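Structural features, examined
What follows is the residue order along each chain.
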Amino acid sequence: MASWQPTQEGVLQLVQLLTLYQQPGTNQSQIFQQLEAYRAYPDFNNYLAFLFATGDQLTVEVRQSAGLLLKNNLSKQYNELQPDFKAYIKSALLPLLGHATRELRHTAGTIASVIVGLGGLEEWPDLAAAVPRCLQAEDANVLDGALDTLYKVLEDHPRLMDTPVASAGGAAFSKLVVPPLLRLMQSPAEDVRRSAVAGLNLMAPGMPAGLQDNVDSFLQGLFALANDTSNRVRKEVVVGLVTATSFLPDRVAPFMGQLVEYMLASNEHSDPAVALAAAEFWTAYLELQLDPGLLRPALPRLIPVLLKNMVFDEYDDEVAEAEAAEASGGVQKEDRDQDLKPFHHRAREHGAEATEDGAEGGAADGDDDDDEVFSAWNLRKCSAEALDVLSNNYGDDLLPVLLPIVQQRLQDSNWRSRESAILALGAISHGCHQGLQPYLEGMVTMLLPALQDARPMVRIITCWTLGRYSHWLFVGVLERGAAGRPLLDQVVAGILGRMADNNKFVQAAAVSALAVLVETASEGHDAADKLLEPYLKAILEALAMALTRYTRRGVVVTYDALSCTARVLGPRMGDPALATIVLPPLVGKFTTSALTDKDLLATMECLANVTPHTGRAVEPYAKPLYDRALALAAFYMAVGQQSRQAAGVANALAGGPDAATAAAAATAGAAYGGAAAALANGAAAGVEYDVNFVVLSLDVISGMAQGLGASIESLVGASPLVQMLTVCCWDTSADVRQSAFALVGDLASACVAHLLPALDTLVGCALALLELPRITEHALASANNACWSLGELTIKVDPERIAPHAEAIALRMTSILSFSGPGRMPPSILENASITLGRTAWRCSEQLAPHLAHFVTPWCMQLRNIRDGTEKEHAFLGLCRLVRMNPEAALPAFPMLCAAFASWRRVGCEGLRNEMAQILQLYKANLAAAGPGRWEQVVGGVAEPVRGKLQQMFGPVL
């Protein structure tokens, strides 16, 4: 091992803590805090590695705890460790990969995968050499450890498989491990066969060099194990064949007929894991657009198998939970943290490429709502998806086989049969709509009573299925007018009725179905609010009721539905009669929860999505909303500063404010928002930093700025928000920077005067973050928002205030537009840069006109790609102004200038249209006067389609 050695005192202290942690009745939270405090010691991870590797006198539980704590620490700290500490930890771990105790060697494999992910295989040559060697070991423990470690590395870091191994003459790692894995597929030991196949399966999607060289051997090995007596091996074989179908379709094509038969048989296998793996085949096959004719003869046998597998098992956790909630007498048990899906913030990106869906996220986008109906991926759900995909490919051809089975099951006294029939109708709703259209009214009428079924799972699936048919209900209204309304009325009433169900699982399914219905009303229709008009009040009242009555999980689903409804209704949501239905309970949840309540995250995301559409209807709630958002941002900024300081990590990017300035901003915000007492009492000391609180607090204020417009001015003026923004824009978190710059842009539109004292700081920060090395994939969204906010500031601030920055802005935008590699600049940042450059040119033309020659060509090239709209108008007004002032500079780019002009579908601004026409006429007149053939020479470089488009737009200007 490396030279580091522990002190006896340090070892004893750590052993004592880890031993106490294992004992029942101890304060584990307090012990964990002590262990967390030890992370401040640079060699703490060495102590953990020492105990894990050499603590033979300790219990397995204590050693495993040391290993798991080491794994968690390394995932956060590994890259900051000094090299000799890294070397010590790795040398301590390596022998444990073959330890006699399974728990210890598998924990060692987990830690090894973390280290490999952070440092790469090339930084651990001993491991890269050991794994292939151990795959050939006679010792069962050593072999198991190698297989386990390799599997974890493959699962987490598959792209590392072609890392060259120095000790093997630079051969790719995959070339060293694939041959022994292929041999191990023939091992007499079941676990070894299974692990070998599983490892190769994980490699197949990336097809590293070692597997490419042995593809035929891999497939032959799978075929040889096709009828293995072990179900666990058989499951991995099926997974391997499905993976091969997806990634090696040409290689398996000659065997596809046999493969279809094998998958049919496997789909009926008594082991659910084997059947589930086989059910994936049908979706994989059709999504690859392989020959559908090959599957067609199998449909009469396949569809009954899928329908059989769509029936709930006799003992199913989902059913048990729903039935338990049913038996509670209407008193629903509150959801635990583990009952909720982890919160994932949907970032708000402004400017180019940012759509409302991207900014807000639709609860009903795609089939995300399915997750609220089916909790875990299983054979039932996979079979339903396969049926869905089959219906989209074979359409009504499925109905002669499927409908008789469905009709029979709908009459069955067994609720599981009825439920699976309704699930099947939902699965084929999109693909078989033509064949079902004549029966739609009768089918919906038949489904409506199922909303009242005595069994909760039947009510749940009926909500989902009716939501899936909502498109055809709206089509009926659009085509038949009032005659199509009664059926839609009944469905809406039925779903709203189930939102008042006493079972929390039915509630969640109903609110998800409502979101789908509302979302569907906006698809392909310009007036979704008109389609929904008869139901708006009832929909919003049901959502408001849900916010006050539902358990935590149901409230989160309701937030998604409310966000979707606000987005679909748009300005209609600004009607005070509608907004005031949902704002009181929504605002109440936000303002009355504790600062540290994690449920606030979903509440804030909903507020940020809803308030832009409520307009000034949010004004009566503005002050408490604003104060609370500012308090949360400040509180968690302070928590973040403390945690980063303790970890020795910078609070800001290079060039940003110092620690004292950042602390002052957080303190000022806390004092204004009423959180000063929490900070003063040290409440932040025990709070774990969660960047989402800062991000979403800024998003809430952004939403208010969009909704209130200039009415937010008094709130901003009386608070330290701008001071806090100058800190957040430099934050080390790209998510915080993204939301901070979004808010800068929104405030520029709403009350730019309050940004003026910080204008130089904000512009300087945005320009710094738009330096080419800082525009990474991870930081792209924050860079986009920084670029967009620069453009917003430019058009709102007086030209003389932005003029000192104009050349710097143009220089930075030009560097982005002229980027030539390596790699490609993302289209979104190119588009934002071209718009911001145009806005700067429009407002500060005198400063930029002399430099036009430096950027006109790449600028015009990108301007061609921008969608028609206000931002494009601004950019072209700037372009035209610079060309007017310096026409000679734009002459070499004349063909590209014409192509940019021709990119408009329709120029909505008459003044801009006239300006472009006049520029072309002036070029023609001046060049014609410059000498014979000069104009013809220049215009000859303009592509014929562009000339034709300009003729349509402006007449004979060329």
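Values in this document were obtained by computation on a predicted structure and should not be read as measured data.

**So, the overall build of the protein chain**
Along the backbone of the protein chain there are 53 helices and 2 strands. Taken against the 2.2 N^0.38 rule, which gives 30 Å for 958 residues, the C-alpha radius of gyration of the protein chain at 32 Å falls within 12% of a compact globule. Its C-alpha atoms put the protein chain at 90 × 80 × 70 Å along the principal axes. Expressed as a percentage of its 958 residues, the buried residues of the protein chain come to 56%. Of the contacts made within the protein chain by residues no fewer than 6 positions apart, 75% connect residues no fewer than 24 positions apart. On the protein chain, roughly 39,100 Å² of surface is accessible, and the fraction owed to carbon and sulfur atoms is 52%.

**Considering the UniProt feature "domain: Importin N-terminal" (unreviewed entry) in the protein chain**
The positions that UniProt labels "domain: Importin N-terminal" (unreviewed entry) are, in the present scheme, residues 31–99. Helix makes up 70% of residues 31–99 and strand 0%, and the two end C-alpha atoms of the span are 28 Å apart.

**Some words on the packing of helix H48 (residues 870–885) against helix H50 (residues 894–902)**
The geometry of H48 relative to H50 is characterised by a closest axis approach of 12 Å and an angle of 150° between their N-to-C directions. Overall, the two elements H48 and H50 adopt an arrangement that is roughly antiparallel. As H48 packs across H50, the resulting crossing turns out to be left-handed. Counting all contacts with H48, which are made through Phe 876, Leu 879, Cys 880 and Val 883, the residues of H50 involved are Leu 897, Ala 900 and Phe 901. Classifying every residue of the contact of H48 with H50 by side-chain character gives 7 nonpolar, no polar and no charged.

**Observations regarding helix H16 (residues 272–287)**
Taking 1.5 Å of rise per residue, 16 residues should cover 22 Å, and H16 covers 23 Å from first to last C-alpha, within 8% of that figure. The complete set of buried residues in H16 reads Val 274, Ala 275, Ala 277, Ala 278, Ala 279, Phe 281, Trp 282, Thr 283, Ala 284, Tyr 285 and Leu 286. On its buried face, H16 sits against helix H13 (231–247), helix H15 (256–267), helix H17 (292–295), helix H18 (299–309) and helix H21 (379–394). Of the residues that open H16, the one with a side-chain oxygen 2.8 Å from the backbone nitrogen of Ala 273 is Asp 271. Phi turns positive one or two residues past the end of H16, at Gln 289, with a value near 60°.

**Some thoughts on empty space enclosed by the protein**
Inspection of every chain in the model, using the stated rule, returns 3 cavities of 30 Å³ or more. The space that makes up the largest cavity amounts to roughly 120 Å³. Lining the largest cavity are 14 residues, with Gln 641, Arg 644, Asn 651, Val 727 and Asp 731 positioned closest to its centre. Taken together, the elements giving at least two residues each to the lining of the largest cavity come down to helix H35 (622–647) and helix H40 (721–728). Per-element tally for the lining of the largest cavity: the top contributor is H35, with 5 residues. Each residue belonging to the lining of the largest cavity can be placed in one class, and the counts come to 9 nonpolar, 3 polar and 2 charged.

**Remarks on the packing of aromatic side chains**
Enumeration according to the criterion identifies 16 aromatic pairs in this entry. On the basis of an interplanar angle of 65° and a centroid distance of 4.9 Å, the ring pair of Trp 4 and Tyr 88 is categorised as edge-to-face. A residue pair is termed long-range when its members are at least 10 positions apart, and Trp 4 in the segment before helix H1 (8–22) and Tyr 88 in helix H5 (residues 83–93) qualify at 84 residues. Accessibility assignment for this pair places Trp 4 and Tyr 88 in one class, buried. On the basis of an interplanar angle of 70° and a centroid distance of 5.8 Å, the ring pair of Phe 894 and Trp 935 is categorised as edge-to-face. Within this pair, whereas Phe 894 is found in helix H50, its partner Trp 935 is found in helix H52 (residues 934–939), the two being separated by 41 residues in sequence.

**Details of helix H3 (residues 44–54)**
With respect to burial, H3 is a largely interior element, 9 of its 11 residues being buried. For H3, the complete set of buried residues consists of Phe 44, Asn 45, Asn 46, Tyr 47, Leu 48, Ala 49, Leu 51, Phe 52 and Ala 53. Tucked inside the fold, the buried residues of H3 contact H1, helix H2 (28–38), helix H4 (60–77), H5 and helix H6 (102–119).

Cut-off values and rules
Residues numbered from 1 in each chain as written. Predicted model: local features only at pLDDT ≥ 70, side-chain atom pairs only at ≥ 80, totals over all residues. Heavy atoms only, no water. Helix = DSSP H or I, 4+ residues; strand = E, 2+ residues; numbered from the N terminus. Rg over C-alpha atoms; globule rule 2.2 N^0.38 Å. Buried < 20%, exposed > 50% of the residue type's maximum accessible area, 1.4 Å probe, protein only. Contact = heavy atoms within 4.5 Å. Areas by Shrake-Rupley, 256 points an atom, 1.4 Å probe, with all protein chains shown as cover. UniProt positions renumbered as here; feature names shortened; annotations may be inferred. Axes fitted to C-alpha atoms, helices over the stretch in contact; angles between N-to-C directions. Parallel < 35°, antiparallel > 145°, perpendicular 65-115°, else oblique. Left-handed = near helix turned anticlockwise from the far one by under 90°. Nonpolar A, V, L, I, M, F, W, Y, C, P; charged D, E, K, R; others polar. Expected span 1.5 Å × (residues − 1). Polar contact = N/O pair within 3.5 Å; in protein donor to acceptor, adjacent residues only side chain to side chain. 1 Å grid on protein atoms, 1.4 Å probe; cavity = no way out; pocket = protein on both sides within 12 Å on 5 of 7 lines; lining within 4 Å. Points joined across faces, edges and corners; volume = space filled by probe spheres on them. Phe/Tyr/Trp six-rings, centres within 6.5 Å; stacked < 30°, edge-to-face > 60°.

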